Amino acid sequence: DTGSAAAIPINEVDIAYVTPVTVGTPPQTLMLDLDTGSSDLWVFSSLTPSSQVRGQDIYTPANSSTSKLLNGHTWSIRYGDGSGSRGTVYLDTLAVGGLEVKSQAVQTAQEVSSSFTQEQSLDGLMGLGFSTLNTVRPSSQLTFFDNARPSLDEEVFTADLKYHATGSYDFGFVDRAKYTGNISYTAVTESPGYWTHSLSGYAVGSGAFQTTRLSGISDTGTTLLYLPTAVVTAYYRQVQGAQNSQYYGGYVFPCSSSLPTFTFGIEEARFTIPASYINYTRISPTSTTCYGGLQSSSGLGINIFGDVALKAAFVVFSGTNPPRIGFAHK
Ligand SMILES: C[C@H](Cc1ccc(C(C)(C)C)cc1)[C@H](NN)c1nnnn1Cc1ccc2c(c1)OCO2
């Protein structure tokens, strides 16, 4: 079996991407953020207080003839940016792009933090990290990918995220039409449940490639690219007027500055992020100061290869044993 679905940016700066997912019988369509950096599938629901719902679609288990309460089970998740949610759990039929799982744990939110309420076009998250990270208790639940595995033609899913455009997620196959050349694979360690792997090095603009192993997680649910301070200072040293602002919590620069590209290595392969991806956003609609798409990871304790990096490639998340991740040009 296979599935293929759109990855749609939810705003004009690609803060997150959503994918249509159908839940229940008859199918209720929700727009979920497929997130390889977490492992809970949670949705805005009929159990979410109306004061916390602002335009989101909701899942109503009572309207689904196939929904079953997972008795006595609850969940609670806190994300690295401080946002979070918690609630109860139903099992129901769930499909992404034609790929159906009969009994998927759907975590119904009874509380969501304000940053989720504010994102009107995002109805929840679908974690695609390793199921060890799932927060449902007393028994943790499997991700959609883990549930779908037995029926997949190939134990893979791929991410083709795009800059200011709609991309796609595919399950169970690697679409030859979506990339050029060869796929460069590298080893993944499932620690502590993320798609953790190394970069083989980096280059700033036309500068020499620095060969140095940088370990981190490929995370479709994180907007920006977070790397060690040494790398980030080397990058912004090439940007006129750049500064690391305590006030804005990161590197900012005059929007008129010209930015270098940023190249990262996957084993012998090289992927160049265009300067436009790193000129992330104006700090306010009328400001001439812009916020960088490359920021320091020093506060996070882990390097995060988020969407700013992933959208520069076609990415294969391979659930083989051992797992691996592949990057190709597109
Ligand atoms: C933050 C997302 C999870 C999320 C996604 C979207 C949203 C909004 C819809 C409200 C926009 C909030 C939250 C990430 N997912 N793997 C995550 N979940 N747990 N850790 N991370 C990665 C991390 C960790 C720390 C950080 C960060 C990132 O950005 C800034 O500081």
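The next subject is the site of the ligand. Every one of the 17 residues lining the ligand counts as a neighbour, but Asp35, Tyr79, Gly80, Asp219 and Thr222 are closest to it. Here Asp35 contributes a side-chain N or O atom positioned 2.8 Å from a nitrogen atom of the ligand. Taking Asp219, its side chain carries an N or O atom lying 2.7 Å from a nitrogen atom of the ligand. Protein coverage of the free-state accessible area of the ligand, which is 640 Å², stands at 84%. Among the cavities detected, the one that contains the ligand is the largest pocket.

Another point: the environment of Gln295. The topology assignment puts Gln295 in strand E21 (residues 294–296). With sequence-adjacent residues up to four places away left out, Gln295 is seen in contact with Leu224, Leu225, Tyr226, Leu227, Val232, Tyr236, Gly250 and Tyr251. Only 2.7 Å separates the side chain of Gln295 from the backbone nitrogen of Tyr251, close enough to count as a polar contact.

To continue, consider the layout of surface pockets. In this structure, the largest pocket occupies an estimated 1100 Å³ of space. At the level of secondary structure, the elements contributing two or more residues to the lining of the largest pocket comprise strand E3 (28–35), strand E5 (68–78) and helix H1 (114–118). Of all the elements, H1 adds the most residues to the lining of the largest pocket, at 3 residues. The residue inventory of the lining of the largest pocket, partitioned by class, reads 19 nonpolar, 12 polar and 6 charged.

This part takes up the nonpolar core. In this structure, Met126, Phe171, Phe262 and Ile273 are the most contacted members of the largest nonpolar core, which totals 74 residues. Per-element accounting of this core gives the leading share, 4 residues, to helix H3 (residues 229–236). Counting contributing residues, this core receives three or more from each of domain 1 (3–171) and domain 2 (179–329). Not counting residues within four places of it along the chain, the set of residues in contact with Phe171 comprises Asp1, Thr2, Gly3, Leu34, Val96, Leu99, Leu128, Phe144, Phe145, Leu152, Val156 and Phe157. Counting residues in hydrophobic clusters, the runner-up holds 19 residues, among them Trp75, Tyr79, Val89 and Val136.

The subject of this paragraph is empty space enclosed by the protein. Taken as a whole and judged by the stated rule, the model has 2 cavities of 30 Å³ or more. Considering only enclosed or pocket space, the largest cavity measures out at about 50 Å³ in volume. Val13, Tyr163, His164, Ser276, Tyr277, Asn279, Tyr280, Val308 and Lys311 together form the lining of the largest cavity. Secondary structure elements with two or more residues in the lining of the largest cavity: helix H4 (275–278) and strand E19 (279–282).

Before going further, it helps to examine the domain arrangement of the protein chain. For the protein chain, the domain assignment lists domain 1 (3–171) and domain 2 (179–329). Computed over C-alpha atoms, the centres of domain 1 and domain 2 are 25 Å apart. On the side of domain 2, 26 residues touch domain 1, which itself brings 27 residues to the contact. Roughly 2200 Å² of surface becomes buried between domain 1 and domain 2 when both sides are summed, with 56% attributable to carbon and sulfur atoms.

Attention shifts here to unusual backbone geometry. Here the residue pair Thr25 and Pro26 is connected by a cis peptide bond, since its omega of -10 degrees sits within 30 degrees of zero. Each neighbour pair has its own omega, and for Arg137 with Pro138 the value is 10 degrees, a cis peptide bond. Along the chain, Pro138 falls in the loop between strand E8 (124–127) and helix H2 (144–148). At Asp14, a position not held by glycine, the phi torsion is positive, near 55 degrees. Tracing the backbone shows Asp14 in the loop between strand E1 (3–9) and strand E2 (17–23). In this structure Asp14 comes out as buried when scored by relative accessible area, which is 1%.

Reading guide: rules and limits
- Residues numbered from 1 in each chain as written.
- Predicted model: local features only at pLDDT ≥ 70, side-chain atom pairs only at ≥ 80, totals over all residues.
- Heavy atoms only, no water.
- Near = heavy atom within 4 Å.
- Polar contact = N/O pair within 3.5 Å; in protein donor to acceptor, adjacent residues only side chain to side chain.
- Areas by Shrake-Rupley, 256 points an atom, 1.4 Å probe, with all protein chains shown as cover.
- 1 Å grid on protein atoms, 1.4 Å probe; cavity = no way out; pocket = protein on both sides within 12 Å on 5 of 7 lines; lining within 4 Å.
- Sits in = over half its atoms within 2 Å of the grid points.
- Helix = DSSP H or I, 4+ residues; strand = E, 2+ residues; numbered from the N terminus.
- Contact = heavy atoms within 4.5 Å.
- Points joined across faces, edges and corners; volume = space filled by probe spheres on them.
- Nonpolar A, V, L, I, M, F, W, Y, C, P; charged D, E, K, R; others polar.
- Core = buried A, V, L, I, M, F, W, Y, C linked by side-chain atoms within 4.5 Å.
- Buried < 20%, exposed > 50% of the residue type's maximum accessible area, 1.4 Å probe, protein only.
- Domains from an automatic or database assignment.
- Buried area = accessible area lost by both parts, 1.4 Å probe.

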